[in-house]
Amino acid sequence: MYLLYDLLLILAGLGLIPYYLLRGLKYGKSRRGIRDRLGLYAAGHLAPLDGRKVIWVHAVSVGETRAAVPLLEGLRRAHPDHAIVLSNVTETGHAIAAELDCVDLCLFFPFDISVVIRRVLGRIRPELIVLVETEIWPNFVRLAHRRGIPVALVNGRISDRSYPRYKRFRLLLRPILDCIELYAMQTELDAERIHDLGAGRDRIGVSGNLKFDMGSPVFETGETDLFRTLLGLAPEQVLLVAGSTHDGEEELLVQAYRSCLETNPGFRLMLVPRHPERTPEVAGMITQSGLQTRLRSQCEGLPLDAETILIGDTLGEMLKFYDLADIVFVGGSLVPVGGHNILEASLLQKPVLFGPHMNNFREISRLVLFARGGRQVNDLSDLVRVLNEMLAHPEQRERMGRAGKALLDRHAGATDRSLELLSVLLERRG
């Protein structure tokens, strides 16, 4: 089975490597990304690990990386002599990881091919591997277990969408799940689902959601004002930042923007595509609609008029964009993607809007709605109605922002519970 899996990955790699090279050229990291993924590290690249025990944390992309930050900081405090490695799959996640002071080494996650994984585990020699959310790579987990390296899954979740798919492959999953020594799941439902898929009940705990423990970034008033000036925003203008948008959503947001402008001339819109490489596509759509665009990377402080829409085309600045916003819309939710993390807006005390497709964040969206920290819209007309209401009532926006932050404060604690569970594994290893 694993030989067949390797062969399929090798065949896929024949197409993926050119893809990563092209994407890497865009972000200036082509050689580095491919070398990491093949486990061919440049001389001295692993020097921060020399002579030290290693904890390896893997977080696939931006959301998982940000959620893992309190855990990484907790691991640093609890195990100051260990080197902490953080790996990612996406360039955007890697860009966030590279800015973290609590991490000794950032890597792109290697291709899950046996020969590559053996090479990487032999070079890094981790004492503990921590997978954030349900990021289970068969060869990585299996070969780590074979070397006696404990593997833990934290902030685990099984979404409504993925659960039926996993169940179809339950017989294949079970031996892989047996290689994981700890499952710290977000909810009781997630715990029941992972047990149903084959994880031993004695290895499963419920720790809560790490996303509720995200630390609020500190933006100085002067820094925020300078950034706002750079983008061309006047103090009286009200900004909607639509983050992590997908194909099909930007068109709806532009239509809603034009409708709201009729009664709110001071309204402005910033679109931040989930995948920055879609920027030319989004800009072309805006131009075809009769409006103009301004890229964040090319802003020079020119006044932002109603005919111009900002596009966030840079990496690692989403929270800065949200900090500028008066209203936040989180994408992947007006189209059937499953949604993205809406708690980042609540973290900055911003009112958050999202669409009906939130199956990947069903519990979080339910809590935010119950706390009145956000609003759910069903379609374009609903979005226009809610935006007009919020634009007319700034006190409502402020009240929702405070409610969202209070929700985060009430549900904090998953980091400490996860650290307690992980410490047991490290004690056994020691």
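For the structure, check the block above.
Residue indices begin from 1 for each chain and proceed along its sequence in written order. The model is predicted, so local features are restricted to residues of pLDDT at least 70 and side-chain atom pairs to those at 80 or more, both for listing and for counting; the totals for chains, interfaces and linings are taken over all residues. Hydrogens and water are ignored here; the side-chain numbers use all heavy atoms of the structure.

*Asks:* Talk me through the sheet that holds strand β12 (residues 327-330); I want residue IDs and the actual numbers.
*Replies:* Whether two strands pair depends on DSSP finding at least two bridges between them. Only DSSP runs of H or I with at least four residues qualify as helices, and only runs of E with at least two residues qualify as strands; both kinds are numbered from the N terminus onward. The strand order across the open sheet built from seven strands is β10-β11-β9-β8-β12-β13-β14, with neighbouring strands paired in parallel fashion. Among the strands making up the open sheet, the edge pair consists of β10 (292-295) and β14 (374-376). When the angles between neighbouring strand axes are averaged without regard to direction, this sheet yields 25°. Pairing analysis gives seven bridges linking strand β8 (residues 238-245) to strand β9 (residues 267-273), with the strands arranged parallel. From the neighbouring strand, L239 faces β9, where its bridge partner is R268. For helices, the fitted axis covers only the stretch in contact; all axes are lines through C-alpha atoms, and the angles between them, taken along N-to-C directions, range from 0 to 180 degrees.

*Asks:* Lay out empty space enclosed by the protein in plain terms, naming residues and giving numbers.
*Replies:* A cavity here means a set of 1 Å grid points, computed over protein atoms only, where a 1.4 Å probe fits but cannot escape. A pocket is an open set with protein on both sides within 12 Å along at least 5 of 7 lines, and lining residues have an atom within 4 Å of a point. Grid points are joined across faces, edges and corners, and a volume is the space filled by probe spheres set on the points. For the coordinates displayed, the defined rule picks out two cavities of 30 Å³ or more. Looking at the second largest cavity, its volume works out to about 40 Å³. Around the second largest cavity, the lining residues are F219, E223, T224, F227, K320, D323 and L324. At the level of elements, α10 (221-231) and α13 (318-324) are the ones that each hand at least two residues to the lining of the second largest cavity. In the scheme used here, Gly and all other residues not listed as nonpolar or charged are polar, with Ala, Val, Leu, Ile, Met, Phe, Trp, Tyr, Cys and Pro taken as nonpolar and Asp, Glu, Lys and Arg as charged. When its residues are assigned to classes, the lining of the second largest cavity shows three nonpolar, one polar and three charged.

*Asks:* Report on the sheet that holds strand β5 (residues 151-156), specifying residues and quantitative values.
*Replies:* With parallel pairing, seven strands are arranged side by side in an open sheet as β3-β2-β1-β4-β5-β6-β7. Both outer strands of the open sheet, β3 (105-108) and β7 (204-206), are each paired with one neighbouring strand and no more. Geometrically, the sheet is characterised by an average inter-axis angle of 20° between neighbouring strands, direction not taken into account. Pairing of strand β1 (residues 54-58) with strand β4 (residues 128-132) involves four bridges; the strand directions are parallel. If you follow H58 over to β4, its bridge partner there is L131.

*Asks:* Hey, could you go over the pattern of salt bridges for me, with residue numbers and the actual values?
*Replies:* A pairing counts as a salt bridge when a side-chain nitrogen of Lys or Arg comes within 4 Å of a carboxyl oxygen of Asp or Glu. Considering all chains together, one arrives at 20 salt bridges under this definition. Residue E133 is joined to R157 by a salt bridge in which the shortest nitrogen-to-oxygen separation is 2.9 Å. Here E133, found in the loop between β4 and α6 (138-146), pairs with R157, found in the loop between β5 and α7 (162-168); they are 24 residues apart in sequence, far enough to count as distant. Of the two residues, E133 and R157, neither departs from the other in class, the shared state being buried. Salt-bridge contacts for D247 lead to R278; the nearest nitrogen and oxygen are separated by 3.8 Å. On the criterion of sequence distance, the pair formed by D247 in the loop between β8 and α11 (249-261) and R278 in the loop between β9 and α12 (279-288) is long-range, its members being 31 residues apart. For each residue, the accessible area found with a 1.4 Å probe, counting protein chains only, is set against the maximum for its type, and the residue is called buried under 20%, exposed over 50%, and partly exposed in between.

*Asks:* Describe the pairing of β8, naming the residues involved and giving the relevant values.
*Replies:* Most of β8 sits inside the fold, with eight of its eight residues counted as buried. For the crossover that starts at β8, traverses α11 and ends in the parallel β9, the hand is right-handed. Bridge count between β8 and β12: four bridges; the pairing is parallel. Its bridge partner being in β12, V241 is matched across the sheet by V328. A clockwise course of the path from the first strand over the helix to the second, judged with the strands pointing away from the viewer, identifies a crossover as right-handed.

*Asks:* Describe the layout of surface pockets, with residues and values.
*Replies:* By volume, the second largest pocket amounts to about 480 Å³. Taken together, 21 residues form the lining of the second largest pocket, with R66, V69, I96, L100 and L319 sitting closest to its centre. Examining the composition of the lining of the second largest pocket, we find that four residues originate from one element, helix α3 (residues 62-78), more than from any other. Split by residue class, the lining of the second largest pocket holds twelve nonpolar, three polar and six charged.

*Asks:* Lay out the packing of aromatic side chains in plain terms, naming residues and giving numbers.
*Replies:* Each Phe, Tyr or Trp ring, with Trp reduced to its six-membered ring, pairs with another whose centre is within 6.5 Å; inter-plane angles below 30 degrees give stacked pairs, above 60 give edge-to-face pairs, and intermediate values give tilted ones. Using the criterion set out here, one finds six aromatic pairs in the structure. A ring pair is formed by W56 and F109, whose centres lie 6.4 Å apart and whose planes are at 55°; its orientation type is tilted. With W56 in strand β1 and F109 in the loop between β3 and α5 (114-124), this pair connects stretches of sequence that are 53 residues apart. Each of the two residues, W56 as well as F109, counts as buried. Chaining the aromatic ring pairs together yields one cluster made of W56, F109, W137 and F140. Lying across the ring of F227, K320 places its NZ or CZ 4.3 Å from the centre. Here, a charge over a ring means that NZ of Lys or CZ of Arg falls within 6 Å of the ring centre while also lying within 35 degrees of the ring normal.

*Asks:* Got a sec to walk through the state of the cysteines? Specific residues and values, please.
*Replies:* For this text, the term disulfide refers to a pair of cysteine sulfurs within 2.5 Å. According to the stated counting rule, one finds zero disulfides in the structure shown. For the unlinked cysteine C106, the closest cysteine sulfur is that of C102, found at 9.0 Å. By relative accessible area, which is 13% here, C106 ends up buried.

*Asks:* Tell me about α6, residues and numbers included.
*Replies:* Burial of α6 is extensive: seven of the nine residues sit out of reach of the surface. For α6, the set of buried residues is P138, N139, F140, V141, R142, L143 and A144. Downstream of α6 by one or two residues, G148 has phi in the positive range, about 80°.

Any link to function would need more than the numbers given here.
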